[in-house]
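Observations on the model geometry
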Amino acid sequence: MALRTGDRAAWLRGPGSECTGMGEPPLRSWRLILLGAPGTGKGTQAELLNTRLGACQLSTGEVFRAAKGCGDRPLSPALQEALAVMKSGGLVSDDTVVGIVGERHRCLSCLHGFLLDGFPRTVEQALALEEMASALDFEFDAVINYELPTSEVIRRLSGRRTCKGCGRSFHVEDLPPRTSGICDGCGTALTQREDDRPEAIAVRLEAYRAATAPLVDFYQARGLLRTISAEGTPAEVFHRTLQALGAE
Ligand code: AMP
């Protein structure tokens, strides 16, 4: 796979951090929202889209995980609360998430475009994002809605293993590492995300059904929705995504 564009420092570490490795902005910049239940592969598709379209993956979940791994700085009370909620599989409060995205507004006006992954997750967040778009004067190209049967979502999430060393993701059945439990890339022991454990998966799926699924109608009404099947290999889903965007 081609390398990801840019180090996303401004997104992952927040205001005051400068991105490196971005190169020249593409001729056409894309502003996309990736929607879909946890486990539908939005993160994988965002990485593939980044290498093809140049737009950065802006994942709110990754901002929280990056804050957790940053042992050198004390966490604000809002972030401490967010991390506790995240562990259980629930949704972090709209105020906290909207605040985090709002203070990273430079990423939303970046000439390289962006791929929002995991935000918005509620109608309130979507309305706040519309206000940011109007204040920053940009429009979305599309909202990609990935669909997958619940049984497959559970199979994908419960088999996922990630490397804390280099961030690579594996799956015990679909993408096993060469040596069981060890990252192929850097040799670190693989772990299961706390929110990929069965109790947390159930909470995440219910949060998706109750709070995020209404966004399908929300973006349908705005003429932005492109629904595609997330079944099959990442390459197959990627092909469908590019087709839906007319970006082949
Ligand atoms: P993700 O990596 O997108 O699956 O997000 C991991 C967890 O971070 C979620 O289960 C939530 O606890 C929290 N989170 C990430 N993005 C949001 C959001 N937009 N709204 C509320 N909680 C979020």
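Quick summary incoming for the structure in this document. (Residues numbered from 1 in each chain as written. Predicted model: local features only at pLDDT ≥ 70, side-chain atom pairs only at ≥ 80, totals over all residues. Heavy atoms only, no water.)

The next thing to look at is the nonpolar core. Grouped burial of nonpolar side chains is what soluble globular proteins tend to show. If you look at the biggest cluster of nonpolar residues, it comprises 35 residues, and the most contacted ones within it are Leu58, Phe64, Leu108, Leu116, Leu129, Phe140 and Tyr219. When neighbours within four sequence positions are excluded, Phe64 is seen to be in contact with Leu79, Ala82, Leu83, Met86, Val92, Val97 and Ile100. Among the nonpolar cores identified, the runner-up in size contains 24 residues, and Leu32, Leu49, Leu148 and Ala230 belong to it. (Core = buried A, V, L, I, M, F, W, Y, C linked by side-chain atoms within 4.5 Å. Buried < 20%, exposed > 50% of the residue type's maximum accessible area, 1.4 Å probe, protein only. Contact = heavy atoms within 4.5 Å.)

Our focus in this paragraph is the site of the ligand. Among the 16 residues in the neighbourhood of the ligand, the closest are listed as Thr60, Arg65, Gly90, Gly118 and Gln125. Taking Arg204, its side chain carries an N or O atom lying 3.4 Å from an oxygen atom of the ligand. In isolation the ligand has 480 Å² of accessible area, and contact with the protein removes 95% of it. In terms of residue count, helix α3 (residues 60–68) provides more of the shell around the ligand than any other element does, four residues in total. Residue classes in the shell around the ligand are distributed as six nonpolar, five polar and five charged. (Near = heavy atom within 4 Å. Polar contact = N/O pair within 3.5 Å; in protein donor to acceptor, adjacent residues only side chain to side chain. Areas by Shrake-Rupley, 256 points an atom, 1.4 Å probe, with all protein chains shown as cover. Helix = DSSP H or I, 4+ residues; strand = E, 2+ residues; numbered from the N terminus. Nonpolar A, V, L, I, M, F, W, Y, C, P; charged D, E, K, R; others polar.)

Looking now at the pairing of strand β3 (residues 113–117). Buried residues dominate β3, accounting for five of its five residues. In β3, alternate side chains face the same way, and those of Gly113, Leu115 and Asp117 on one face and Phe114 and Leu116 on the other are all buried. Bridge count for strand β1 (residues 30–36) against β3 is five bridges, and the pairing is parallel. Directly across from Arg31, in β3, lies its bridge partner Phe114. Alignment of strand β2 (residues 56–59) against β3, held across four bridges, turns out to be parallel. Of the residues in β3, the one forming a bridge with Leu58 is Leu116. (Pairing = 2+ DSSP bridges.)

Working definition: the strands of a sheet are paired by backbone hydrogen bonds and lie parallel or antiparallel to each other. Read from one edge to the other, the open sheet built from three strands follows the order β6-β5-β7, with strand pairing classed as antiparallel. Across the chains shown, the open sheet's two edge strands, defined by having one partner strand only, are β6 (169–171) and β7 (190–191). Strand direction decides the pairing type here: strand β5 (residues 160–163) and β6, joined by three bridges, are antiparallel. Across the sheet, the residue bridging to Arg161 is Phe170, located in β6. Packed on one face of the sheet, helix α8 (residues 150–158) meets β5 and β6 and runs near 35 degrees to β5. (Axes fitted to C-alpha atoms, helices over the stretch in contact; angles between N-to-C directions.)

The next subject is the packing of aromatic side chains. Under the definition given, this model contains four aromatic pairs. Pairing Phe114 with Phe138 gives two aromatic rings, centres 5.4 Å apart and planes at 80 degrees, and the pair type is edge-to-face. You can see Phe114 sitting in strand β3 and its partner Phe138 sitting in the loop between α7 (123–136) and β4 (142–147), a full 24 residues away along the chain. Looking at Phe114, the relative accessible area reads 0%, which means it is buried. (Phe/Tyr/Trp six-rings, centres within 6.5 Å; stacked < 30°, edge-to-face > 60°.)

One number sums up the size of the second largest pocket: a volume of about 390 Å³. Looking at the lining of the second largest pocket, the elements with two or more residues in it are α3, α4 (77–88) and α5 (94–102). Broken down by class, the residue content of the lining of the second largest pocket amounts to 10 nonpolar, three polar and four charged. (1 Å grid on protein atoms, 1.4 Å probe; cavity = no way out; pocket = protein on both sides within 12 Å on 5 of 7 lines; lining within 4 Å. Points joined across faces, edges and corners; volume = space filled by probe spheres on them.)

Okay, unusual backbone geometry next. Between Phe119 and Pro120 the backbone carries a cis peptide bond, its omega angle lying at 0 degrees. Assignment of secondary structure puts Pro120 in the loop between β3 and α7. Of note in this structure, Arg8 is not a glycine but carries a positive phi near 55 degrees. Owing to a relative accessible area of 6%, Arg8 belongs among the buried residues under this scheme. In this structure, Asp137 takes a positive phi of about 65 degrees despite not being glycine.

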